[in-house]
Amino acid sequence: MKEEHYVVVGNGPAGNEAATTLRDKAPSARITLIGREHRMCYRPKLLPAYLSGTIEEEGLYALPLEHYQEKDIKLRLGQRVVGLIPDRKELVLDHKEIVPFTGLILAVGGTPRIPENLHIFRELMFTLKTVSDAKRWMKHLREVEHVLMIGGDLTSFAVTQALLDMGKRVAFVLNEESFRPLRSSPEIYEEAAHVLKARGVEVIEGRRVRGMSRLGQDSIEVMVEDKRISTQMVGAFFGLVPDVGFLVRSGLHIESGVLVDETLHTGSEGIYAAGDCAQVYHPALRDYWVSIGHDNAANLGRIAAQNLLGEQIEVRVPAESIFQVDGIKVNTSWWKEF
Amino acid sequence: MRSHRQNVGTPAVSQEVYSEDPADFFYMKVNVPCQSACPALTNVPAYIRALFEDDPDGSYEINRSANILPGVLGRICSRPCEDQCRHGEPELGEPVGICHLKRVAADRRSRKESAPAKLPYSGKRVAVVGAGPAGLAASHDLATVGFEVTLFDAFPEPGGMLTYGIPAFRLPRSMLREEIERILDLGIILKAGVTIGKDIPMERLLSEYDAVLATLGCYGSRRVGVPGEDLPGVISGLEFMMDVSRGRPPRLGKKSLVLGAGFTAFDCARSALRLGTDEASICIRRTEEDFKVTKDEVFQAKLEGVKILPLLVSQRILGDTAVEGVEFVRTRPGAPGPDGRRSFEPIEGSEFVIPADTVLVAVGQESLSLEAPGERDSKGLPVVDRETFRGTVPGLYFAGDYVTGPGTVIGAIAAGRAAAERIARDLTGNIFRRKSIRMREASITDRNRTWDYIHRNEMPTVNPPESRLVHYETEVETGLRPDQAAEESKRCYLCYLHYEIDMTRCIYCRYCIDSAPRDCIKLVDEVLLNEAGAVAGFKETTVWRDVNAVVIDNSRCIRCGECVRVCPVDCISVTRVELVERMGEEAAR
């Protein structure tokens, strides 16, 4: 009989939960976990604390290497998946290797979102999603005193606090985008502006960023409506978008994530999606939603693994915990932790 | 070019050879994917190479000889070639910017080109009805082979959808007119503002001309077929675009919804934003992945503020005296249909309303019936033989979108050209244009392996996006800069080069295999041939005693030339293999 080979793409909470669940339920299968970064699984939520030096790098990591040894999960780090051929059940890696599988769980998570109108300024902005991003911030922060925060999702408030703790001066362009994935309301807006100002942040309210240009090595001019603001560093926080570009020609259906049914099945035999990259229809909302946050991701990872092994568990999320952002419904619970 | 498929040991061609062997056409189809994907069979590697050699005039002429309107297509072509470009294969990066380079050739040419070669007058007269891309291409081809052509169009200006459908911010009218003028300069008599079947009966044309070709396009707008479609504020997308092109745009509300997923839907949404609507959203049944438009188009539309609302389908248009909104239901992927494509089915109980005061319907176009003799199909349209373009009345031909339904500009041009050749052959019994495979001796190129890692050069655009919205006619794409064009032209692998190992001289050292950048050189037990005698595959082997040949799989080869450089016995040859068109005596030979 052909050996079962389950492959999980994505070394985050959904991917790791999926791989561990697969091992527990299928003791004799071969299991491979592919991660794009060269790092072990870490907690992105702790990155602002790492940035400010409150915790050391070791404190970021969620699972020791022994975990994979113990569970007999082959961990392949620093490997980028660039293609999927569902009919042949093969993944294509960046270095041209073909990885055959009998079952696949896509848990690739999200990547920082940059609105279309700011794409051309990408090189001038810092995002914070990975440990490498955090290291870039830390290196650059040694040289600068002033940081301008634009866009604004909930991570940006944690980063702002980290920057203030480091004694930096911070300006914040606060507008309706500043509460992703929450919808802005006058109350939230007022409260946020008040809190930021009280902590010494210069708040630039209700304005849209039109452009930016580099004037010198550590000098950037940002045009916010008709106002020109000088800063040394720009942080961009526009939330995350599912990182599913490599699936575009695969035949799977991609919208804001991989479209899956209530059992997280993609419609292609043996292929499931979980975590931030899965997009599921919710009958109570009459809309699709994408999950965000560690616990949701792990939960979906577990369900995808169980279903891959033959169960038919449906994901159930209460409609109250889902918010709408830019036409995408997002399941959040982590924001409540702030 | 039997050598590459039957007798592996034959040396490469030592002079120019033409072939019409089906096996050689099959070879082209598999191995030069860009040219094969182009309905007009534009010789893409050749024109990119000409541009690399700083010969924009030559590059433009290679284009023009196949696709007639390079300046137009360099802006608005649907680019089927780029979808097939070998550089876009999963591990090889992004496709070459074939279309953008076409525009570079058109923009940078000296404009000193001589008139196209023309054969002497044949004494035959042809009427072409409809001066869109198909009609213009057919007129061009008929005029160059010696026919007197009269081109009729119902509109005051020639160009069809190019003039009346595609917005000026994507296709500047001065450039369009210039290329149309060059066609008309062949001596074509243009009679604009004349509707055949109304102003002049088709029967009269048939009696006055030796042949009539109708290339009428698709000017009928499909309806969504939901209640409320006749409310004020619901506008046909096509009529909207035509009114805008004629300089009399209709008044739009503040919130516009566009129903549809094609180029017209995008043109409508982007035009609406330029004409004063505050919010324009494109509503689609499927996902962005299924758009027929290019990724660039989607990005630019979003950049300008167009919103895409996926996975929904309209149920009815709401409002008492005018549009107030649209009721939709959500959709989800269903079972695959007969074409393998999954259908998107409505989800029961998922109704919701999006408020709007303008609804632009761009769900498709269709051919309109024509007052003409001959048999009709179930839709009331003329019965046409798609192979011969003939209708059921002698001398009456049909081509382009009118026959096939709405398609691409390049598809219409190719159809117009094919119909012209058919008419010319029918009227004279002679062959005027003939497609052949030309093989010439070549050497490895000066391409550097590092060029394979150059990133695709993206098209520069007018920014910030708000500044494009001020004047409707501001062209959004500004063209690749000279440095970008030079870099982009380096990226083409030049797939028209054919690499081959001479097995009579090969010493099986396998250096070529070791140096190959991918699995393009194979140890094979057997070369599999198809019915035409062309290479259809290889039976590979890892058992050394079963190896009967070392072969280069040209469908995998990226023409890097490494194998030629390392071969110690110089047994790898390079041939330049191109699908070309020969005209006049050459074709008749």
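Participant: Give a description of the pattern of salt bridges that names residues and reports values.
Facilitator: Per the counting criterion, the structure on display carries 73 salt bridges over all chains. Where Arg330 of chain B meets Asp287 of chain A, a salt bridge forms, and the shortest distance between an N and an O atom there is 3.3 Å. Linking Arg330 of chain B in strand 12 (residues 325-336) with Asp287 of chain A in strand 21 (residues 287-291), this pair reaches from one chain into another. Since its relative accessible area comes to 10%, Arg330 of chain B is described here as buried. For Asp287 of chain A, a relative accessible area of 5% gives the class buried. Several salt bridges share partner residues, and in doing so they unite Arg170, Asp267, Arg270, Arg274, Glu297, Glu304 and Arg468 of chain B into one network.

Participant: So what about unusual backbone geometry? Which residues, and what values?
Facilitator: With an omega of 0°, the peptide bond between Asn463 of chain B and Pro464 of chain B qualifies as cis. Looking at the secondary structure, you find Pro464 of chain B in the loop between strand 18 (433-442) and helix 17 (482-491). The phi dihedral of Lys96 of chain A falls on the positive side, at around 80°, and the residue is not glycine. Counting through the fold element by element, Lys96 of chain A comes out in the loop between strand 5 (90-93) and strand 6 (98-100). Of the residues examined, Lys96 of chain A reaches a relative accessible area of 33% and is grouped as partly exposed. Of note in this structure, Arg111 of chain B is not a glycine but carries a positive phi near 65°. For Arg111 of chain B, the position within the fold is in the loop between helix 7 (98-108) and strand 2 (125-129). The exposure class of Arg111 of chain B is partly exposed, given its relative accessible area of 40%.

Participant: An account of the nonpolar core is requested, with residue identities and associated values reported.
Facilitator: Ranked by internal contacts, the top residues of the largest apolar core, which has 51 residues, are Leu91, Leu104, Ile105, Leu106, Leu247 and Leu264 of chain A. Counting residues per element, this core draws most heavily on helix 7 (residues 294-308) of chain A, at 6 residues. In this structure Ile105 of chain A touches Val7, Val8, Val9, Ala18, Leu22, Tyr272, Ala274, Ala304, Ala305 and Leu308 of chain A, once residues within four positions along its chain are discounted. Listed in part, the 50 residues of the second largest apolar core include Ala105, Cys492, Tyr499 and Leu523 of chain B.

Participant: Run through the pairing of strand 1 (residues 5-9) of chain A, naming residues and quoting values.
Facilitator: Residues in a regular strand project their side chains so that they alternate between the two faces of the sheet. Residue and element names in this part refer to chain A. The buried fraction of strand 1 amounts to 5 of the 5 residues, a majority that puts the element mostly inside the structure. Bridge count for strand 1 against strand 2 (residues 30-34) is 5 bridges, and the pairing is parallel. The partner of His5 across the bridge, within strand 2, is Arg30. Each parallel crossover has a hand, and for strand 1 linked through helix 1 (residues 13-25) to strand 2 it is right-handed.

Participant: Requested: an account of the sheet that holds strand 9 (residues 279-283) of chain B, with residues and values cited.
Facilitator: All names here are of chain B. Within the open sheet, the 5 strands sit side by side as 7-15-8-9-10. Their pairing is parallel. Every interior strand has two partners, whereas the edge strands, strand 7 (234-236) and strand 10 (307-309), have only one. Adjacent strand axes in the sheet meet at a mean angle of 25°, parallel and antiparallel pairs treated alike. Set on the sheet, helix 13 (residues 263-274) makes contact with strand 8 (255-259), strand 9, strand 10 and strand 15 (358-361); between it and strand 9 the angle comes to about 170°.

Participant: Could you give an account of the interface of chain B and chain A, naming the residues involved and the relevant values?
Facilitator: Taken together, the contact pairs 28 residues of chain B with 25 residues of chain A. Here chain B meets chain A over a buried area of about 2300 Å², counting both sides, of which 52% is carbon and sulfur. Where chain B touches chain A, the interface holds 5 salt bridges. Looking at the side of chain B that touches chain A, the elements with two or more residues in it are helix 14 (295-304), strand 12 and strand 13 (342-346) of chain B. If one sorts the elements of the side of chain B that touches chain A by residue count, strand 12 of chain B sits on top with 4 residues. Looking at the side of chain B that touches chain A residue by residue, the classes come out as 11 nonpolar, 6 polar and 11 charged.

Participant: Quick one: what's the story with the side chain of Asp553 of chain B, residue by residue and with numbers?
Facilitator: Residue and element names in this part refer to chain B. Along the chain, Asp553 turns up in the loop between strand 22 (549-552) and helix 19 (562-566). Given a relative accessible area of 8%, Asp553 falls into the buried group. Ignoring any residue separated from it by four or fewer positions in sequence, one finds Asp553 in contact with Cys520, Lys522 and Phe538.

Participant: Go over the packing of aromatic side chains with me, naming the residues and quoting the values.
Facilitator: Within this structure, the stated rule accounts for 15 aromatic pairs over all chains. Ring centres of Tyr42 of chain A and Tyr61 of chain A lie 6.4 Å apart, and the angle between their planes is 85°; this geometry places the pair in the edge-to-face category. Placement of the pair is Tyr42 of chain A in the loop between strand 2 and helix 2 (47-51) and Tyr61 of chain A in the loop between helix 2 and helix 3 (65-71), with a sequence separation of 19 residues. Of the residues examined, Tyr61 of chain A reaches a relative accessible area of 18% and is grouped as buried. Between Phe169 of chain B and Tyr472 of chain B, the ring centres sit 5.4 Å apart and the planes meet at 75°, which makes this aromatic pair edge-to-face. Here Phe169 of chain B is found in the loop between helix 9 (161-164) and helix 10 (173-184), whereas its partner Tyr472 of chain B is found in the loop between strand 18 and helix 17, with 303 residues between them in sequence. Neither Phe169 of chain B nor Tyr472 of chain B differs from the other in exposure class; each is buried. One aromatic cluster in this structure is built from Phe126, Trp137 and Phe237 of chain A.

Participant: Quick rundown of empty space enclosed by the protein? Include the residues and the values.
Facilitator: Residue and element names in this part refer to chain B. A full pass over the atoms with the stated rule returns 7 cavities of 30 Å³ or more. Each pocket or cavity is described by its volume, and for the largest cavity that value is around 150 Å³. Along its surface, the largest cavity is lined by 15 residues, and Arg75, Arg170, Arg270, Glu297 and Glu477 are the ones closest to its centre. Here the lining of the largest cavity takes 3 residues from helix 14, the largest share from any one element. Residue composition of the lining of the largest cavity, by class: 5 nonpolar, 2 polar and 8 charged. Its boundaries defined by the atoms lining it, the second largest cavity holds a volume of some 100 Å³. Lining the second largest cavity are 15 residues, with Cys38, Thr42, Cys77, Cys81 and Lys102 positioned closest to its centre. Looking at the lining of the second largest cavity, the elements with two or more residues in it are helix 3 (44-52), helix 6 (80-84) and helix 7. Ranked by residue count, the leading element in the lining of the second largest cavity is helix 7, at 3 residues. Residue classes in the lining of the second largest cavity are distributed as 11 nonpolar, 2 polar and 2 charged.

Participant: Before we move on, could you go through the layout of surface pockets and cite the residues and values that matter?
Facilitator: Residue and element names in this part refer to chain B. In this model, the second largest pocket occupies a volume close to 660 Å³. Mapped by element, the contributors of at least two residues to the lining of the second largest pocket are helix 1 (22-31), helix 2 (33-37), helix 16 (409-428), strand 18 and strand 23 (572-583). For the lining of the second largest pocket, the leading source of residues is helix 16, giving 6 residues. Across the lining of the second largest pocket, the residue classes tally to 12 nonpolar, 2 polar and 11 charged.

Procedures and definitions
Residues numbered from 1 in each chain as written. Chains lettered and ligands numbered in written order. Predicted model: local features only at pLDDT ≥ 70, side-chain atom pairs only at ≥ 80, totals over all residues. Heavy atoms only, no water. Salt bridge = Lys/Arg side-chain N within 4 Å of Asp/Glu carboxyl O. Helix = DSSP H or I, 4+ residues; strand = E, 2+ residues; numbered from the N terminus. Buried < 20%, exposed > 50% of the residue type's maximum accessible area, 1.4 Å probe, protein only. Core = buried A, V, L, I, M, F, W, Y, C linked by side-chain atoms within 4.5 Å. Contact = heavy atoms within 4.5 Å. Pairing = 2+ DSSP bridges. Right-handed = clockwise from strand over helix to strand, strands pointing away. Axes fitted to C-alpha atoms, helices over the stretch in contact; angles between N-to-C directions. Buried area = accessible area lost by both parts, 1.4 Å probe. Nonpolar A, V, L, I, M, F, W, Y, C, P; charged D, E, K, R; others polar. Phe/Tyr/Trp six-rings, centres within 6.5 Å; stacked < 30°, edge-to-face > 60°. 1 Å grid on protein atoms, 1.4 Å probe; cavity = no way out; pocket = protein on both sides within 12 Å on 5 of 7 lines; lining within 4 Å. Points joined across faces, edges and corners; volume = space filled by probe spheres on them.

Honestly, that's just the spatial picture; any functional story needs more than this.
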